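Overview (structure and organization)
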Amino acid sequence: MPSPDRPLRETRIVVFDTETTGLSPLRDRIVEIAALSLENGRETGRFEELVDPAIPIPPELTKLHGIDDSMVRGKPLIAEVAARFLEFAGDACLAAHNAPYDMAMLLRPAFQSGLAPAGNPVLDTCRLARRLVDAPNYQLGTLAGMLGVDLSRAHRAMPDVEATSGVLLECIRRLGDEASLAGAEKASAARLSFGGGAPDGRELPLRLEAMDAAMRSGAPVEIVYRGGSHGDAPRTITPIFLLELDRLLNVAAVCHIDDCLKNFRVAQIAKARPAGAC
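Here the structure is a predicted model, which means the values were calculated and not measured.

Going through the model one piece at a time under the given rule, you end up with 17 salt bridges. One salt bridge connects Glu49 with Arg84, and the closest N-O pair in it is separated by 2.7 Å. Here Glu49, found in strand E3 (residues 42–50), pairs with Arg84, found in helix H3 (residues 78–89); they are 35 residues apart in sequence, far enough to count as distant. Where Asp212 meets Arg216, a salt bridge forms, and the shortest distance between an N and an O atom there is 3.4 Å. Here Asp212 pairs with Arg216, and both are found in helix H9 (residues 209–217), just four residues apart, close to one helical turn. Judged by relative accessible area, Arg216 falls into the exposed class, the value being 57%. In the salt-bridge network here, residues are joined through shared partners; they are Arg6, Arg9, Glu10 and Glu178.

Mapped onto the elements of the fold, Thr238 is located in strand E8 (residues 235–245). Side chain to side chain, Thr238 and His256 meet in a polar contact 2.8 Å long. In contact with Thr238, other than residues within four places in its own chain, are Leu26, Arg108, Gly218, Ala219, Pro220, Ala253, Val254 and His256.

As a further point, take empty space enclosed by the protein. Scanning all chains against the criterion turns up one cavity of 30 Å³ or more. Approximately 50 Å³ is the volume attributed to the largest cavity. Of all the elements in the fold, those that place two or more residues in the lining of the largest cavity are helix H4 (99–112), H9 and E8. Of the residues that constitute the lining of the largest cavity, the class distribution is four nonpolar, three polar and two charged.

This brings us to helix H6 (residues 140–147). Every buried residue belonging to H6 is among Leu140, Leu143 and Ala144, and all of these are buried. Projection of H6 onto a plane perpendicular to its axis shows the buried side chains occupying an angular sector of 100 degrees, all on one side.

Further remarks concern the packing of aromatic side chains. As enumerated under the stated definition, the model contains six aromatic pairs in all. Ring centres 5.6 Å apart and planes at 55 degrees place the aromatic pair Phe16 and Phe85 in the tilted group. Note that Phe16 is positioned in strand E1 (residues 13–20) and Phe85 in helix H3, a separation of 69 residues in sequence. Assigned by exposure class, Phe16 and Phe85 land together as buried. Clustering of aromatic rings is evident, with ring pairs tying together Phe16, Phe47, Phe85, Phe88 and Phe194. Sitting over the face of the ring of Phe88, Arg12 holds its NZ or CZ atom 5.4 Å from the ring centroid.

On to the state of the cysteines, then. Tallied over the entire structure, the rule returns zero disulfides. Cys126 supplies the cysteine sulfur nearest to Cys171, a cysteine that is in no disulfide, at a spacing of 9.9 Å. Cys171 sits in the buried class, given a relative accessible area of 0%. For Cys255, which is in no disulfide, the shortest distance to another cysteine sulfur is to Cys260 and amounts to 6.4 Å. Cys255 sits in the buried class, given a relative accessible area of 0%.

By secondary structure assignment, the location of Glu32 is in strand E2 (residues 30–39). Under the relative-accessibility criterion, Glu32 is labelled buried at 1%. There is a polar contact of 2.8 Å between the side chain of Glu32 and the side chain of Arg156. Excluding its chain neighbours within four sequence positions, the residues that come into contact with Glu32 are Asp17, Thr18, Glu19, Glu48, Glu49, Leu50, Val51, Ile67, Arg156 and Ala157.

What counts and how
- Residues numbered from 1 in each chain as written.
- Predicted model: local features only at pLDDT ≥ 70, side-chain atom pairs only at ≥ 80, totals over all residues.
- Heavy atoms only, no water.
- Salt bridge = Lys/Arg side-chain N within 4 Å of Asp/Glu carboxyl O.
- Helix = DSSP H or I, 4+ residues; strand = E, 2+ residues; numbered from the N terminus.
- Buried < 20%, exposed > 50% of the residue type's maximum accessible area, 1.4 Å probe, protein only.
- Polar contact = N/O pair within 3.5 Å; in protein donor to acceptor, adjacent residues only side chain to side chain.
- Contact = heavy atoms within 4.5 Å.
- 1 Å grid on protein atoms, 1.4 Å probe; cavity = no way out; pocket = protein on both sides within 12 Å on 5 of 7 lines; lining within 4 Å.
- Points joined across faces, edges and corners; volume = space filled by probe spheres on them.
- Nonpolar A, V, L, I, M, F, W, Y, C, P; charged D, E, K, R; others polar.
- Arc of directions from axis to C-beta.
- Phe/Tyr/Trp six-rings, centres within 6.5 Å; stacked < 30°, edge-to-face > 60°.
- Lys NZ or Arg CZ within 6 Å of the ring centre and 35° of its normal.
- Disulfide = S-S within 2.5 Å.

Here it is, written out as structure tokens:
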């Protein structure tokens, strides 16, 4: 893995993006993965593959990214494409815009396929830009327009990767020539790892051992979360990976109440048990 103190300009960075059948890591599937490798600010390689999601692509998503059922029929399944993506990424630092979403969409099928992501560090260009760029919003299209980055074919994976690469390089420029991975993580107030474990190797407390097992198996757990929008009532979540936000350990999980990806602070999870356990 890259040294946290090595300048980012000398670090291999793989910028990636996914296109999907929808927004739920539980119900929806990937239809395209693209990635671009950067070293010393220059492109050194590309990865781009369509994926057969094995479910129909909703017409409203086809209108968004232009990928329909005929384009993915007979293409490799996600287990095969994810394995090739992990091989392409190697031990590089990864980067994505709104990285937790793409991480969740990739990690869940990777774990289910028996793949073992290496725990690459991940930079989120959205969080990084929020601290370095004064913008009306931090959508990729807005940032690309402000920074003079081309995004003429938005919502296909490779054009989005190219735009994200441009945003990332501008953020690195604003951090300074000697900016390191650790410096970028500090600037974005986030540490992410492309795997199930915490970025700094911390373990979950014993009271949450059911959640630790669930991240590996993909099983849902029932938790009691203190201070959340739904009060202290038990709720079911499917945990996917751990991340550090503002120095606090969180679990990124799909909340079954509203079927969306959320971050839950570990310190506020009072208890966890397998869903359906008595």
